[in-house]
Amino acid sequence: MSATPQPDFTWTDQFLLGYGPMDATHREFVELVAALLAAPDAELAKRLDAFADHAERHFDEEREWMVSTDFPATQCHLDEHGAVLASVHEVRALLAGGGHAATCRALARELARWFPAHVDYMDAALGQWMAKRRTGGIPVVLRRGSAVPAEAD
Ligand SMILES: [Fe+2]
Ligand SMILES: [Fe+2]
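The paragraphs below set out a description of the structure included in this document.

The rules behind these values
- Residues numbered from 1 in each chain as written.
- Chains lettered and ligands numbered in written order.
- Predicted model: local features only at pLDDT ≥ 70, side-chain atom pairs only at ≥ 80, totals over all residues.
- Heavy atoms only, no water.
- Salt bridge = Lys/Arg side-chain N within 4 Å of Asp/Glu carboxyl O.
- Buried < 20%, exposed > 50% of the residue type's maximum accessible area, 1.4 Å probe, protein only.
- Donors = N, O, S within 2.8 Å, 3.2 Å for Na, K, Ca; no water.
- Tetrahedral: all angles 85-135°; square planar, octahedral: opposite > 155°, others 65-115°.
- Helix = DSSP H or I, 4+ residues; strand = E, 2+ residues; numbered from the N terminus.

1. Here we look at the pattern of salt bridges
A complete count under the given rule lists seven salt bridges for this structure. The closest approach of N and O atoms between R47 and E43, which form a salt bridge, is 3.7 Å. R47 sits in the partly exposed class, given a relative accessible area of 25%. When its relative accessible area of 24% is taken as the criterion, E43 is described as partly exposed. Residue D60 pairs with R63 through a salt bridge whose shortest N-O separation is 3.2 Å.

What follows is the structure, encoded as structure tokens:
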């Protein structure tokens, strides 16, 4: 129904943060949103359900990391997650009532737009914090195609 071309949303190493459990969850986020963007109308509800299950686990996991380690900037991060979940639940309810494929596709595009900035501004700080607690140092992330700065010591 929507004539708008779907944006390309695929995993890129720019999303890597160097904390393995978070990176694995983020790969799953990208896969599920890409599947939603590519869904035929008949598959939208099923794929949105799969994304909603993921989002609950993803955001619970990050909340647990923040709360259990007294992460300093928790509330605004939780607020962003909460806003995403509220939209997902709203669109799920609309789809369950029939129709609203275009609304669901708009949500998928919004998720693809939201994720890179959220990773940069919020998850990156948490990922570093968690990796540092685990290893005692900030992780060095080697991204394909990025220059590796010379070590200064
Ligand atoms: Fe995340
Ligand atoms: Fe997050």
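Here the narrative resumes.
2. Topic: the coordination of the iron ion (ligand 1)
Ligation of the iron ion (ligand 1) by protein atoms is provided by H26 (NE2), H58 (NE2), E62 (OE) and D123 (OD), these donors lying 1.9 to 2.3 Å from the ion. For the iron ion (ligand 1), the four donor atoms are set out with angles of 82 to 155° between them, so the coordination reads as irregular. One chain supplies every donor to the iron ion (ligand 1), and in sequence these donors are spaced H-x31-H-x3-E-x60-D. The metal-metal distance between the iron ion (ligand 1) and the iron ion (ligand 2) comes to 3.4 Å, with E62 coordinating both. Here the residue H26 occupies a position in helix α1 (residues 20–37), and D123 occupies one in helix α4 (residues 101–135), the gap between them amounting to 97 residues.

3. So, the coordination of the iron ion (ligand 2)
Each protein donor to the iron ion (ligand 2) is listed here as E62 (OE), H77 (NE2), H81 (NE2), H118 (NE2) and D123 (OD); together their distances run 2.1 to 2.2 Å. Spacing between the donor residues of the iron ion (ligand 2) along the chain follows E-x14-H-x3-H-x36-H-x4-D.

4. Points about unusual backbone geometry
Residues other than glycine seldom take positive phi values, yet D70 does so here, at roughly 55°. A residue is classified by how much of its surface remains accessible, and D70, at 66% relative accessible area, is exposed. Unlike most non-glycine residues, H100 shows phi in positive territory, near 65°. For H100, the location among the structural elements is in the loop between α3 (74–96) and α4. Judged by relative accessible area, H100 falls into the partly exposed class, the value being 38%.

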